[in-house]
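Listed below are the residues making up each chain.
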Amino acid sequence: LSGSITTSITNGLSEREANDALTAHVCKGPQQHEEVCLGLFTLLLTEPPQAQRCYRDLTLVNRDGMNVVLIKINQILMEKFLKLQDVCRTQLVWLVRELVKSGVIGADGVLMTLMKQIAGGDITSKNLWLAENVLDILVEQREWVLKSGMLVAMSVYTYLRLIVDHGTPSLLPLRQREVDFCVGLLRERFMECFIIGRDLVRLLQNVARIPEMELLWRDLLHNPQALSPQFTGLLQLLTSRTSRKFLACRLTPDMETKLLFMTSRVRFGQQKRYQDWFQRQYLSTAESQSLRCDLIRYICGVVHPSNEVLSSDILPRWAIIGWLLTTCTSNVAASNAKLALFYDWLFFNPEKDSIMNIEPAILVMHHSMKPHPAITATLLDFMCRIIPHFFPPLEVQVRQGVFNSLNFIMEKRVLAHLAPLFDNPKLDRELRSMLRERFPEFCSSPSPPTEVKMEESVPMEMDNHVLDKEDGCYDNTDATFSDDEEELNNKGKKREFRFHQIKETFIDEPADITPYVDQLDETLKEKVLQLQKSSDTETQCEVMQEIVDLILEEDFESEQMSALASCLSELFKSHFRGDVLPEEISEESLEESVCKPVCLIFRNLCQMQEDNSGFSVLLDMLAELYQKQPKIGYHLLYYLKASKAAAGKMSLYESFAQATALGDLHTCLMMDMKACQEDDVRLLCYLTPSIYSEFPDETLRSGELLNMIVAVIDSTQLQELMCHVMMGNLVMFRKDSVLNILIQSLDWETFEQYSTWQLFLAHSIPLETIIPILQHLKYKEHPEALSCLLLQLRRENPSEEMVKMVLSRPCHQEDQFTTSILRHWAAKHDDLLAEHIKALLIKNNNMPRKRQSLRSSSSKLAQLTLEQMLEHLDCLRLSLNNTKNNFFSQTPILQALQHVQASCDEAHKMRFSDLFSLAEEYEDSSKPPKSRRKAPASSPRSRKGAAAPPANNEDDSASSSASEEEDSKPKPPKRKRKGSSAVGSDSD
């Protein structure tokens, strides 16, 4: 459209007239300016013969230093570059070259974005063309390049990495140009390249055998002053952490988007299709072996998920890294990938480096121990051998870096103990001996490892063939990365990951078990084929029982288990579709619902003793089936609750969880409940009471399961759950964890939060247990929690802690929470509220002002300060004006105000003069003249409209004695005021 507008303006005009017309149109306003600039930009990309003229016109008519065009170029480079036709791609590179020649401000940013499009591990003609053309720009405009330190460092980092890919004879001329370019910049501007950090050494190591690079490498090791007087040596570089900018620059925007999608949107168990797509797209060629290092460094150093993602079932980082390690087909690539994984360990400094950079390596080793011990062994072996071999003169520092890493991992409780990893029977004797020699401090532990979940939601399945294509996730949906975007829907929206999931469709086709059934022995094969031919449930159950009996025979070959599980998952596919729970729940309907062939395995397990040899065999069978069909998990939970034969056998699920590849009850339970939530909300609600009562340690310690429930239930189901709570059948909160769960819920959706509060209020947990949550609540961000708390607080008799928490909220004109609850308490519990406020005022007034100021400014949570209390009391006073409420005429309040007034500074006296005037009038009518302060000195305002002092309260002996006690010690407050007035002034 912009191109059409520009063409229509200049159509039929001479060159001078066209320029004048464009200039006149541009001057009409910002919109017209943008239209003309983008119109010329469009013509420049699509009409090469007119490119020179369009660029000249663009430089003449633009009024914003090419800003509109630069923004559009960056947008195209980040989102559309792969879709550009060859002509447009060529013209875009030409335009970037012209912008650089013209020295346009911001052209360096565009050039760095263009460099990001040069893919690593790719020697296709288009990628080589781009690498050559960008290098031409950098070499031709060297003086301009040297003006930007970041561009110098980014260019060196990019081309040092690309040199590795350009080693074939046909690419040697290009590689030589790249080597000359990098060596020149490194020698001339080494300290600007120094900002790259330790990854500069890693890249130089990979190219150090090239003659020119070898000379530079020797200077780096033995003569650092030759490179720069400020450079002290290799250790200085290796202890400098590499910025995320450099780690991210070696992934194209498309690669980066896909990886971020997998680490933020894909659930564990459903990653195979995305990994397969990524491998086909970027990792399928021999040259792409070098790309693994870039991906691993990016995941370790850039992808640092939020706490919300870490605590969810999203695919964890270590699982992706483990998969990448298994795709390495050459020893060199595997060694480089392991170095990339451990690189931040070698010179790790807890004060400067992040736990997130070293966490994936330890978790890959930890989770691979059971399913893939060879991977754990090779990583542990690499960790041991890298210490003396990385760079012998720095062996001591490398050893200390690895020791710091392991120590920090234990300190942060990524793993509580390392002994089960380092001294595991699955490792060979030589490796265990080497680990004991290198790390004796970590090879003994009094207890088994208990893991604090930072990133691992579930154990890794790195083998590409563990999950079948159809059955590798909770349901049979398939999903793809989208190569096309819907322009209309995305117009004006913030750029998001554009991946479209294909909706689930069921096609009733006969189960195809041909690939698996031939792997079974004749007897078992016959029974499986008989099961396939059977149509009625009763016959299928009989055949299934015969299959179970065959499994339990002593001569059953365990090698058949995987093939048998694949057959059963195919044959029972229809059993896992549709609703599990009967429409009408009764004893008969429940028993009928568990009379399915797959339930025969459950029933046999329930009838066995755990020490029976057949018990573990059946569990292994069930675990194999679970890998093929994850829905089996919540079907087992349903059977254990619904079947009479399984009464009291819910603990069987724990044995099942430990037998699976997950090997962890909490992870297995959360995954199964998540699958149930997505398939059948009614069943989720039905299972909830049993799950909470049977597995309290797994369900009550966090809000993970609660969030699953409240995210999908409706109001009827919420009311049913509340009834279960009221009847004692369900406990969803306990005192030691309820506060943390409610704080977690503050980020949930509105209905989810309201449901959570309703369920909490159905319990008999004292409100004081969760009242500290008030410190986390902001009136604009957390209205759900504030409204629920407000309604509950109005039913409570105020305690001092409640009043303290209410008063500790910041005072905002729009936030009526504190005023409204104080007003309610003042009407219903005036004497109790007055005593609490008096105690808090006197306590805070006696605290040194400086300490108050420091405490309130340094803490992230709201702290109760004297000024805050006075602000809230003043708001309450204004709220009670023109009402018959006599709250401020009570003796405790007046005494407290008098106490505060005696020691506060002049600024506070002026600010809260109307509030203090209440106390002064009380003082005037109740104190002997000689002990009274002079009213005019402390309150310059008129006393008109102040509440009258309650004479009858002065007859109370307790009040009188308290008042006399206050008046008998006037000097200390005066000294305090004198000594603290300056501090008070500073804090104001």
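Here, every reference points to the structure presented above.
Cut-offs applied
Residues numbered from 1 in each chain as written. Predicted model: local features only at pLDDT ≥ 70, side-chain atom pairs only at ≥ 80, totals over all residues. Heavy atoms only, no water. Helix = DSSP H or I, 4+ residues; strand = E, 2+ residues; numbered from the N terminus. Expected span 1.5 Å × (residues − 1). Buried < 20%, exposed > 50% of the residue type's maximum accessible area, 1.4 Å probe, protein only. Polar contact = N/O pair within 3.5 Å; in protein donor to acceptor, adjacent residues only side chain to side chain. Core = buried A, V, L, I, M, F, W, Y, C linked by side-chain atoms within 4.5 Å. Contact = heavy atoms within 4.5 Å. Phe/Tyr/Trp six-rings, centres within 6.5 Å; stacked < 30°, edge-to-face > 60°. Lys NZ or Arg CZ within 6 Å of the ring centre and 35° of its normal. Salt bridge = Lys/Arg side-chain N within 4 Å of Asp/Glu carboxyl O.

Visitor: Quick question: what am I supposed to make of helix 23 (residues 355-368) here?
Guide: Note that an α-helix has 3.6 residues per turn; residues three or four places apart therefore point the same way. Across its 14 residues, helix 23 extends 20 Å between first and last C-alpha, which sits within 8% of the 20 Å expected from 1.5 Å per residue. Counting buried residues in helix 23 gives 13 out of 14 residues, a clear majority hidden from the surface. Among the residues of helix 23, the N-terminal cap falls to Ser354, whose side-chain oxygen and the backbone nitrogen of Met356 are separated by 3.1 Å.

Visitor: Explanation requested: the nonpolar core in the structure shown.
Guide: When a protein is soluble and globular, its nonpolar side chains tend to lie buried together. In this structure, Leu160, Met213, Trp345, Ile362 and Phe422 are the most contacted members of the largest nonpolar core, which totals 313 residues. Examining the composition of this core, we find that 10 residues originate from one element, helix 10 (residues 149-163), more than from any other. Beyond its immediate stretch of four places on either side in the chain, Phe422 contacts Leu380, Met383, Leu406, Leu427, Arg432, Leu435, Phe439, Phe442 and Cys443.

Visitor: Honestly, the packing of aromatic side chains in this entry has me stumped. Any pointers?
Guide: In this description, a pair of aromatic rings is defined by centroid distance and the angle of the planes. The final tally for this structure, using the stated rule, is 24 aromatic pairs. With 5.8 Å between their ring centres and 45° between their planes, Tyr157 and Phe246 make a pair best called tilted. One end of the pair, Tyr157, is in helix 10; the other, Phe246, is in helix 16 (residues 244-249), and 89 residues separate them in sequence. Between Phe422 and Phe439, the ring centres sit 5.7 Å apart and the planes meet at 35°, which makes this aromatic pair tilted. Remark: Phe439 occurs in the loop between helix 27 (429-438) and strand 1 (479-481) and Phe422 occurs in helix 26 (residues 419-422); sequence separation between them is 17 residues. Assigned by exposure class, Phe422 and Phe439 land together as buried. Members of the aromatic cluster, connected to one another through ring pairs, are Trp277, Phe278, Tyr282 and Trp323. The ring of Phe81 has Arg89 sitting right over it, with the charged end atom 4.8 Å from the ring centre. Across the ring face of Tyr686, the terminal group of Lys641 is positioned such that the distance to the ring centre comes to 4.8 Å.

Visitor: Please explain the environment of Arg603 as it appears in this structure.
Guide: One can find Arg603 in helix 34 (residues 599-607). A relative accessible area of 37% places Arg603 in the partly exposed class. In the structure, Arg603 is positioned 40 residues away from Ser643 in sequence and 8.9 Å away in space, judged by C-alpha atoms. Among residues more than four places away in sequence, those in contact with Arg603 are Gln545 and Tyr639.

Visitor: Looking at this model, I keep getting lost on the side chain of Ser917. Mind explaining?
Guide: In this structure, Ser917 sits in helix 53 (residues 913-926). Relative accessible area serves as the criterion here: at 5%, Ser917 is assigned to the buried category. Only 2.5 Å separates the side chain of Ser917 from the backbone oxygen of Asp914, close enough to count as a polar contact.

Visitor: Explain the pattern of salt bridges to me, please; I cannot follow it from the model alone.
Guide: A side chain with one charge can pair with a side chain of the opposite charge if their charged atoms come near. Using the criterion set out here, one finds 40 salt bridges in the structure. A salt bridge links Asp165 to Arg161, with the nearest nitrogen and oxygen atoms 3.2 Å apart. Given a relative accessible area of 4%, Arg161 falls into the buried group. Between Glu546 and Lys527 there is a salt bridge, with its nearest N and O atoms 2.7 Å apart. Of this pair, Glu546 sits in helix 31 (residues 537-552) while Lys527 sits in helix 30 (residues 522-533), and the two are 19 residues apart along the sequence. Residue Glu546 is classed as partly exposed on the basis of its relative accessible area of 33%. Through salt bridges with shared partners, a single network forms among Arg198, Asp199, Arg202, Arg297, Asp344 and Asp353.

Visitor: Honestly, unusual backbone geometry in this entry has me stumped. Any pointers?
Guide: Trans peptide bonds make up most of the peptide bonds, and negative phi angles are found at most residues other than glycine. Phi at Met66 is positive, roughly 70°, even though this residue is not glycine. Here Met66 shows up in the loop between helix 4 (51-61) and helix 5 (67-79). Of note in this structure, Arg413 is not a glycine but carries a positive phi near 60°.

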